[in-house]
Amino acid sequence: MTDTAPPRFTLDGDEVPFTPGETIIEAAARAGHWIAHLCWHPDFAPHGSCRVCQVEVDGRAVTACTTRARDGQHVVNRSATLDAMRKTLLQMLFVEGNHFCPSCEKSGNCLLQATAYEMGMEGPHFEEFYPDRPVDASHPDVLLDFNRCILCELCVRASRDVDGKHVFAIGGHGIGARLLVDSASGRLVDTDIAPGDRALEVCPVGVILPKRRGFAVPIGERRFDAQPVSAQPHPLPSTKDPRP
Ligand code: SF4
Ligand code: FES
């Protein structure tokens, strides 16, 4: 390496240059490499909660979305061990909520579903919780189906950091953690959410959905129906319009 060459690390043997300060997942995505993730989004500060992006750096397990890239490090991403860990995390997420992919508007555009396919998940493995989570259909233009929430906090970050509002919040702890609508009534209709808010478009699963636009693109013709998540351009294009 010359003095002016950028620092670099290896990712499953491929060299990845990076700008000092970048995280492993940022540099990898910019270079076109996919590292599985759910709570990370290139437009937002990392959250580090889902653990799906876990990689091995020189033998140590770390989350790629919160770990800065360092010159000369060797990163393992797609190994049988790491993918098995990711599959287990995904199976736990699936049983913790109510995810019925064939009837979900987000099927084929859902990062949870696409990542589960990529990790070879064929069933829930664990016993389903079947929690009771009523939908919020109070708003004239937006439906909230809490059954599918994976607590990634992207809507919380988008509403707070981009929209300058506080429409969403996470309440409770551990297994009792839940997405809340931050209004006196707890209903979406009593918030100041508005068309064009970033919080409306950032959900990686099928919780926050526009009304009257269901199944505009048939299942089978959507983003992840065309190409698995690992073969998509990276970082993934904006989820502004979740339809391909
Ligand atoms: Fe994440 Fe969507 Fe749940 Fe918000 S509603 S925390 S964006 S899964
Ligand atoms: Fe890194 Fe969720 S994407 S912890």
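Keep in mind the model is a prediction, meaning the values are calculated, not measured. (Residues numbered from 1 in each chain as written. Chains lettered and ligands numbered in written order. Predicted model: local features only at pLDDT ≥ 70, side-chain atom pairs only at ≥ 80, totals over all residues. Heavy atoms only, no water.)

Trainee: Honestly, the pattern of salt bridges in this entry has me stumped. Any pointers?
Mentor: Between side chains of opposite charge, a pair can form when the charged atoms approach closely. Overall, the coordinates contain 14 salt bridges when judged by the stated rule. The closest approach of N and O atoms between D161 and R160, which form a salt bridge, is 2.7 Å. A relative accessible area of 38% means that R160 is categorised as partly exposed. K165 is paired through a salt bridge with D197; the nearest N and O atoms lie 2.9 Å apart. Of this pair, K165 sits in the loop between α4 (154-162) and β7 (168-171) while D197 is found in the loop between β8 (178-181) and β9 (208-210), placing the two residues 32 residues apart along the sequence. The same class applies to K165 as to D197, namely buried. When salt bridges with common partners are traced through the structure, they connect R78, D83, R86 and E118 into a single cluster. (Salt bridge = Lys/Arg side-chain N within 4 Å of Asp/Glu carboxyl O. Buried < 20%, exposed > 50% of the residue type's maximum accessible area, 1.4 Å probe, protein only. Helix = DSSP H or I, 4+ residues; strand = E, 2+ residues; numbered from the N terminus.)

Trainee: Explain the sheet that holds strand β4 (residues 60-63) to me, please; I cannot follow it from the model alone.
Mentor: Adjacent strands of a sheet form backbone hydrogen bonds with each other and so pair up, either parallel or antiparallel. In spatial order, the strands read β2-β1-β5-β3-β4; together these five strands make up an open sheet with mixed pairing. Each end of this open sheet is capped by a strand with a single partner; those strands are β2 (14-17) and β4. Pairs of neighbouring strands in the sheet enclose a mean axial angle of 35°, with direction left out of account. Across the sheet, helix α2 (residues 80-96) lies against β3 (54-57) and β5 (74-76), angled at about 155° from β3, the strand it touches most. (Pairing = 2+ DSSP bridges. Axes fitted to C-alpha atoms, helices over the stretch in contact; angles between N-to-C directions. Contact = heavy atoms within 4.5 Å.)

Trainee: Looking at this structure, I do not really get α4. What am I missing?
Mentor: Since one α-helical turn is 3.6 residues long, residues separated by three or four positions face the same way. What α4 keeps buried is the set L154, C155, V156, R157, A158 and S159. The secondary structure elements touched by the buried residues of α4 are β7, β8 and β9. Backbone geometry just after α4 places G164 at a positive phi near 70°.

Trainee: Could you clarify how one ought to interpret the site of ligand 1 in this entry?
Mentor: Taken together, C149, I150, L151, C152, E153, C155, L179, C203, P204, V205 and V207 make up all the residues around ligand 1. Its residues placed into classes, the shell around ligand 1 shows 10 nonpolar, no polar and one charged. (Near = heavy atom within 4 Å. Nonpolar A, V, L, I, M, F, W, Y, C, P; charged D, E, K, R; others polar.)

Trainee: What exactly am I supposed to notice about the pairing of β8 here?
Mentor: Strand residues, when the strand is regular, have side chains that alternate between the two faces of the sheet. Alternating residues of β8 divide into L179 and V181, all buried, and R178 and L180, none buried. The pairing of β7 with β8 spans four bridges and is antiparallel. If you follow F168 over to β8, its bridge partner there is V181. Where β7 folds back onto β8 in an antiparallel hairpin, the turn is made up of six residues, including G172, whose phi is positive at roughly 80°.

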